[in-house]
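Residue-level structural notes
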Amino acid sequence: MIKAVRPGLWTCSRCIQQATRIPRLSPPSPLRRLPPRRWLSAVSDAARSQDAVSHLPANYATADPKHDDALLRHIFDSPPSFRGLLQPLLKSAGRNSVGLFRNKYLTSPQGFLTFADITIARASRLVDKVTNASTVAEYKTLVRDLDRLSDLLCRVLDASDFVRITHPDVKTQEAASVAWSKVYMYMNQLNTSTALSDQLGKALANPEVTASWNEEERTVAKLLQQDFKKSAIHLPKEYRDAFVDVSQSISELGADFVDHVEPEKPFLELPSSRFQGLDPQMARQMVRRGILSLPTMSSAATMALRRVHDEETRREIYYATRTASKRSVETLENMLRLRAQLATLSGFDSYGQMALQDKMMAKTPQSVHQFLQALSKHNSSFVEAEVNDLIEEKRQKQALSGDITLQPWDRDYYMESIRAAMRSRRKTNYSLAAYFSLGTVMQGLSRLFSRLYGIRLVPRETLPGETWHPDVRRLDVISDTDGHVAVLYCDLFYREDKSPNPAHFTVRCSREISTDEIQETWEQNGQGGLPTFETPLEAANDGMHVSQQSGSVKQLPTIALICDFHQNNEVRSRPALLDYYHMETLFHEMGHAIHSILARTSLQNVAGTRCATDFAELPSTLMEHFCADPSVLALFARHYETDEPLPYHMVAERLQVFNRFEASDRENQIILAMLDQQYHSAAVRDGDFDSTSVYLDIQRRFGKLPPDPSGTRWQGFFGHLFGYGSTYYSYLFDQVLSERVWRIVFSAGQNGAALDRENGERLKENLLKWGGSRDPWRCLSDTLRDERLIDGDEKAMRLVGSWGINDDLQG
């Protein structure tokens, strides 16, 4: 079947929201939900150095003196400037709406339903064209026809999905949900027929047809063919029906697993006297009659493990927080067995093989195993050193001698003890946030992109009805060579009715629009109550922006960035100030956006971030290295009141504390990735499969830290297993790759390399601009100039793992 790509929301390691998997009639599969927070922060070499520069060599100039970016800072930092710029939005009452995102269908809630109906009508005509194809000429256009079919459905699904979870108006949300459901049901109807799959098979079997396709078309054809295979559409009807039933059961069980994660003990009740070390104010809120009632799944429990002095109390807290309920574990194991059954129905040995084949760089579970084994080996010596530090800290704090055993419930406590000592030695108590106003950070991003890629962010007035809230700022992305290349809507401020999770949405992807499409939509202009467009190009893209380069017309990527940065309500003149983590979050999300902006492909199935899942986090993770680099921070980081440059030692101190035990954090992620692989292997079919035994065994075999004791069953809390089964390794993989790119291409920021245009062009031309249209291993090989990667086999995966995160470039 053809899938509906992402349901709209781009979820990544920063995002907590669950990306719902949609059976597919459109672009690639949704990126699975990744960990809710990054476990490892990028650190520049300057931050690691004891001789880090005390002040940044401030450079607040734009890359091109012709372009003043002061307004960019003002519209995010100065509400009066923003209101003055966006008068059309604030005075929209009584004026005609141009529609959300300038989509002329979306001027009212009813417009979503009209948009869905006209889309289904157009898609039906296109389906007829594909299924009736019989000549070589018709088969030559089949991939582009299927890609357009994907695009038609995604125009509704992506926009509606965004609106139904983001728009503040309930009626608009409801209409968007109905439109989404209509198109989704139509897509499922298409997926019950083998006609599209059969026609694609005929096209692929004809050498004259395939010889006429370019690299993008061949890539998309292969992706679609594999999607049809994974959907079991080639099987007899009874097997297809079973596939649908099992898929539905997995969806229901997975949702139940995530929504009803629960511990065996919801509360731990102990005498309050045993909680010495815990913040007294926090403790008082939980004490009744001398008994402290600690919620097992709470930040208070996490804090207690770090702060409570009594070891026996910590032991009891540890057991409670690491033991999921039997119901949660049973739900998980039932879901895993159903996934194994689904794989069998589709002709795969395991669910891991099914999930990885042709959609991931790793390709096979064996390759993932090679990567994780090599990474674990590289990381082990660093973990051993950290464990020794923890043992020594325990020896000193407890005044012990002889052999000392580090217990599982000791780890967080002594880590916090060492970090607290590091924090006490800080040279200054000034807040980093004072140097990171939202406006200056946006200014810095534009200046960075201008230097690396020749593109900049330019504020643009919005028209009535174009955005969903007055807080939303529109930025046009302008290229030095190609002009207007993308539209970026920034909804970055906190609101009570808004999701707190940072996210990157692709509302519309890049795609080349044919002359036949332009003619077809123009002939329907204004008919039957449909919107009236002023030009054929406007009609072809629903009123949204297009570009015209080298004789072709393309949809402009339209992107929405969502964050929840707080403004000071008491001091209205003060801008939103970001702490380091929030600044890093914005850089990370803009890494996804820059991928969408630069990968303006001709086919939307492979545009922007629609690439291999274990490749998609590389651009965003790489941006975390840039935001820690002194030369990049020098572009923008200054005090919001005094304009004083940021003393870099403040950043260095913060990163050194945060990353003090990064190898231990990494070991935990490696073990979870190994667990994810084992849970989606053929071993699940064994009658005596026990998820608890599997987890404890992996901890003991591959961990240097003290493993969980018998009687615990933490895996029942591992909700990410539903979000993306067998691909949890992806973020580790991209962490390694991003560090390698940072060191090889950008020389780890040394001598201004982080701002060198030649380095930016190298990354763009070899990796970013291809989206998913080129083999990612080839992209990496060309970017790093390392031929060992070109085959993308188990040997290549093992090589990447051997580099590790703290890459010394010896491999």
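Since the structure is predicted, the reported quantities are computational estimates derived from the model, not experimental observations.

What counts and what doesn't
- Residues numbered from 1 in each chain as written.
- Predicted model: local features only at pLDDT ≥ 70, side-chain atom pairs only at ≥ 80, totals over all residues.
- Heavy atoms only, no water.
- Helix = DSSP H or I, 4+ residues; strand = E, 2+ residues; numbered from the N terminus.
- Contact = heavy atoms within 4.5 Å.
- Areas by Shrake-Rupley, 256 points an atom, 1.4 Å probe, with all protein chains shown as cover.
- Salt bridge = Lys/Arg side-chain N within 4 Å of Asp/Glu carboxyl O.
- Buried < 20%, exposed > 50% of the residue type's maximum accessible area, 1.4 Å probe, protein only.
- Pairing = 2+ DSSP bridges.
- Axes fitted to C-alpha atoms, helices over the stretch in contact; angles between N-to-C directions.
- Left-handed = near helix turned anticlockwise from the far one by under 90°.
- Nonpolar A, V, L, I, M, F, W, Y, C, P; charged D, E, K, R; others polar.
- pLDDT = per-residue confidence, 0-100.
- Core = buried A, V, L, I, M, F, W, Y, C linked by side-chain atoms within 4.5 Å.
- Phe/Tyr/Trp six-rings, centres within 6.5 Å; stacked < 30°, edge-to-face > 60°.
- Lys NZ or Arg CZ within 6 Å of the ring centre and 35° of its normal.

Digging into the overall build of the protein chain
Looking only at helices and strands, the protein chain features 34 helices and 12 strands. When contacts within the protein chain are restricted to residue pairs at least 6 apart in sequence, those whose partners lie at least 24 apart make up 75%. When the accessible surface of the protein chain is split by element, carbon and sulfur atoms take 48% of a total near 31200 Å².

Quick look at the pattern of salt bridges
Following the criterion strictly, the structure yields 52 salt bridges and no others. The closest approach of N and O atoms between Arg-155 and Asp-542, which form a salt bridge, is 3.1 Å. Of this pair, Arg-155 sits in helix α7 (residues 142–166) while Asp-542 sits in the loop between α22 (536–540) and β10 (546–549), and the two are 387 residues apart along the sequence. With respect to burial, Arg-155 and Asp-542 carry one shared label: buried.

Let's talk about the side chain of Ser-547
Secondary-structure assignment places Ser-547 in strand β10. When neighbours within four sequence positions are excluded, Ser-547 is seen to be in contact with His-484, Ser-552, Val-553, Lys-554 and Leu-556.

What to know about the pairing of strand β4 (residues 291–295)
Summarising the sheet, strand β2 (residues 267–271) and β4 pair through five bridges and their orientation is antiparallel. Counterpart to Pro-271 in the pairing with β4 is Ile-291. Where strand β3 (residues 287–288) and β4 come together, two bridges link them in antiparallel fashion. Considered in β4, the bridge of Arg-288 is made with Ile-291.

Description of the sheet that holds β10
With antiparallel pairing, three strands are arranged side by side in an open sheet as β9-β11-β10. In this open sheet, the two strands that pair with only one neighbour each are β9 (511–513) and β10. Between one strand and the next, the sheet's axes are offset by a mean angle of 40°, whatever the strand orientation. Where β10 lies against strand β11 (residues 552–555), four bridges are found, and the strand directions are antiparallel. Each residue of the ladder has a partner; that of Val-546, found in β11, is Gln-555. Each of β9 and β11 touches α7; the most contacted strand, β9, lies at about 105° to it. Set on the sheet, helix α21 (residues 515–523) makes contact with β9 and β11; between it and β9 the angle comes to about 65°.

Some points on the environment of Pro-109
Counting through the fold element by element, Pro-109 comes out in helix α5 (residues 109–131). When sequence neighbours within four positions are dropped, the list of residues in contact with Pro-109 reads Lys-171, Thr-172 and Ala-175.

Looking at the packing of α7 against helix α11 (residues 215–230)
α11 packs onto α7 with a crossing angle of 65° between their chain directions and a minimal axis gap of 10 Å. Regarding α7 and α11, the two cross each other, and that crossing is left-handed. For the pair formed by α7 and α11, the contact residues are Val-143, Arg-144 and Leu-146 on the first element and Glu-217, Val-220, Ala-221 and Leu-224 on the second. Of the residues assigned to the contact of α7 with α11, the class counts are five nonpolar, no polar and two charged.

Section: the confidence of the model for the protein chain
Summary statistics for the protein chain give a mean pLDDT of 89 and a share of 88% for residues scoring 70 or more. Throughout residues 1–42 the model reports pLDDT below 50, and contacts reaching past four residues in sequence, or to other chains, amount to 215 contacts. This stretch, residues 83–94, has a pLDDT under 50; its non-local contacts, to residues over four places away or in other chains, come to 20 contacts.

Looking at unusual backbone geometry
The bulk of non-glycine residues show a negative phi, and the bulk of peptide bonds are trans. The backbone of Phe-101 shows a phi angle near 60°, a positive value even though the residue is not glycine. Assignment of secondary structure puts Phe-101 in the loop between α4 (87–90) and α5. Even without being glycine, Ser-726 reaches a positive phi, approximately 70°. Relative to the helices and strands, Ser-726 resides in the loop between α30 (720–723) and α31 (730–744).

Side note on the nonpolar core
The nonpolar side chains of soluble globular proteins are, as a tendency, buried together. Counting 138 residues, the largest nonpolar core has Phe-436 and Met-442 as the members making the most contacts within it. Each residue touching Phe-436, except ones within four places of it in the same chain, is listed here: Val-441, Ala-576, Leu-577, Leu-578, Tyr-580, Met-583, Leu-633, Phe-636, Ala-637 and Leu-646. Membership of the second largest hydrophobic core comes to 60 residues, among which are Leu-149, Ala-221, Val-472 and Val-507.

Some words on the sheet that holds β4
What the three strands build is an open sheet, ordered β2-β4-β3; its pairing is antiparallel. For this open sheet the edge positions go to β2 and β3, each flanked by a neighbour on one side alone. Relative to the sheet, helix α15 (residues 311–321) contacts β2 and β4, its axis offset from that of β2 by approximately 170°.

A word on the pairing of strand β6 (residues 473–479)
The buried fraction of β6 amounts to seven of the seven residues, a majority that puts the element mostly inside the structure. Of the two faces of β6, the one carrying Arg-473, Leu-475, Val-477 and Ser-479 and the one carrying Arg-474, Asp-476 and Ile-478 are both buried. Pairing geometry for strand β5 (residues 455–459) and β6, over five bridges, is antiparallel. Bridge assignment links Leu-457 to a residue of β6, and that residue is Val-477. Inspection of the sheet shows β6 paired to strand β7 (residues 483–493) by seven bridges, in the antiparallel sense. From the neighbouring strand, Leu-475 faces β7, where its bridge partner is Leu-488.

Focus on the packing of aromatic side chains
Tallied over the full model, the rule gives 27 aromatic pairs. Measuring from ring centre to ring centre gives 5.0 Å for Tyr-105 and Phe-115, while their planes differ by 25°; the resulting arrangement is stacked. With Tyr-105 in the loop between α4 and α5 and Phe-115 in helix α5, this residue pair connects regions lying 10 residues apart in the sequence. The pair Tyr-105 / Phe-115 is uniform in exposure class, with both members buried. Members of the aromatic cluster, connected to one another through ring pairs, are Phe-101, Phe-162, Trp-468, Tyr-489 and Phe-505. Arg-164 extends its terminal NZ or CZ atom over the ring of Trp-180, reaching a point 4.1 Å from the ring centre. Sitting above the plane of the Phe-661 ring, Arg-660 keeps its charged end 4.6 Å from the centroid.

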